[in-house]
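# Survey of secondary and tertiary structure
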Amino acid sequence: MDLTPDPLVVRLRQALRTGLAGVPARMELHGAPVTDGALGPTGPVLDELGVSDFERPAAAGGLGLGLTAGVLVSEELGRAARGNSYRADATAADLGGPAGAALAGWEALPAGSGVTAVPRAGGWELTGTVTVDDVSAGTLLVAARTGGEPVVVAVERTAPGCTVESGCWPPVVRFDATPVGTADVLGPLDGSPAGPLGRARLRQAAYLLGIADGAHRTAVEYTGFRRQFGTRLRDLPAVSFPLARALVTLRATRAAVYRGAWSVDSEPDAVGTAPLAALAMAAETARDVVRLSMQSCGVRAMTAELDLHRYFRLAAAESVRYGDPAALWRTVGAGLVRTARRAAAGPELPVAAAVRPWGINGRRG
């Protein structure tokens, strides 16, 4: 992995920050802090920059910049505390699904366990309640489980038994015996580290990293001019030391996220548990750093002036998307144990070790 700053990445980051700075923010202290989905205010900015072509291979008419570019886009969206209009389309492209769809049920662990698919004549019936990115999307890409295996199913928002509730944030979608056919199944949501789920987890980790970085930047700027006891807040050890520790945490998390993205692009066979570890680490970093940033700013943090309340609500809701951090860490540990056992067994696995019990993602092997 080359740690030298890439001029292209620097230019992309500058262009994204410039474009997102012009997106109006929701300054209210109540209600949804952002608007997600293709119809959200960040959509036109990403479209103007041609973001949809970043990850698409050059052979398919894209720019072939890989997942690293997608991670960069997600991080800048989080840093600006804007809605994420990128992750759904990027995941749909990975699965060969329609553009403009919304993701639903990806937060459940094992993957897809929030919605169950019961076989019926000509297909399945979906049952369950999960969060959804965008209530205005016409198509939902639902992570579900059938026969113990996770799959992704495209469901029309107007399908029978499908009800979207937008009175809460994040909004939820309920399925009550919603019928789907075999043609609606986009494919298995396998647990391969470089597969669609692993790539989605790294994009989400970058979004959380950006949320934490944006809140930290706001706190550093505010404590740099706010004076107390005749000095700047940032010069007081009780404020400066925690902010400095938070900066170290941010840099460590950024290294984990971009290392995972680089592994997917360059060494997919050696990715291992990097997406899981990056997402779990980013979720914890977002919650801890945002809370610390608010504490550093005192009572002013809960005003619309600093806008930290949006970072706080985003971190609280987004940290559990694609899996609870504690469950992710358990999955990481189980994966490391399996890897160690394989290494100890050598290239030829014994017969008794060749068939593993059901893993955390419901798959054998």
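Structural data are supplied above this passage.
First things first, this report covers the structure right here in the doc. (Residues numbered from 1 in each chain as written. Predicted model: local features only at pLDDT ≥ 70, side-chain atom pairs only at ≥ 80, totals over all residues. Heavy atoms only, no water.)

## Considering unusual backbone geometry
Excluding glycine, residues mostly carry a negative phi; peptide bonds, for their part, are mostly trans. Residue proline 110 is reached from leucine 109 by a cis peptide bond, and omega for that bond is -5°. Looking at the secondary structure, you find proline 110 in the loop between β1 (102-104) and β2 (115-120). Cis geometry marks the peptide bond from tryptophan 169 to proline 170; its omega dihedral reads -5°. Summarising the element assignment, proline 170 is placed in the loop between β6 (162-165) and β7 (172-181). For aspartate 307, which is not a glycine, the phi torsion comes out positive at approximately 70°. Within the element layout of this structure, aspartate 307 appears in the loop between α7 (274-297) and α8 (308-318). (Helix = DSSP H or I, 4+ residues; strand = E, 2+ residues; numbered from the N terminus.)

## Some details on α7
Taking 1.5 Å of rise per residue, 24 residues should cover 34 Å, and α7 covers 34 Å from first to last C-alpha, within 8% of that figure. Just past α7, the residue glycine 298 takes up positive phi, approximately 70°. (Expected span 1.5 Å × (residues − 1).)

## Points about the packing of helix α3 (residues 67-79) against helix α5 (residues 196-225)
In the contact formed by α3 and α5, the axes pass within 6 Å of each other and the chain directions differ by 35°. With respect to the hand of their crossing, α3 and α5 are arranged in right-handed fashion. Where α3 approaches α5, its residues Leu67, Val71, Ser74, Glu75, Leu77, Gly78 and Arg79 are matched on the opposing element by Arg199, Leu202, Arg203, Ala206, Tyr207, Leu209, Gly210, Ile211, Asp213, Gly214 and Arg217. Counted by class, the contact of α3 with α5 contains eight nonpolar, four polar and six charged residues. (Axes fitted to C-alpha atoms, helices over the stretch in contact; angles between N-to-C directions. Left-handed = near helix turned anticlockwise from the far one by under 90°. Contact = heavy atoms within 4.5 Å. Nonpolar A, V, L, I, M, F, W, Y, C, P; charged D, E, K, R; others polar.)

## With respect to the nonpolar core
Val71, Val73, Trp106, Ile211 and Leu308 are the most contacted members of the largest nonpolar core, which totals 75 residues. Broken down by element, the residue count for this core peaks at 13 residues, all from α5. Non-local contacts of valine 73, meaning those with residues more than four positions away in its chain, are made with Leu16, Leu46, Val51, Phe54 and Tyr86. Ala104, Val115, Val132 and Ala137 belong to the second largest nonpolar core, which has 19 residues in total. (Core = buried A, V, L, I, M, F, W, Y, C linked by side-chain atoms within 4.5 Å. Buried < 20%, exposed > 50% of the residue type's maximum accessible area, 1.4 Å probe, protein only.)

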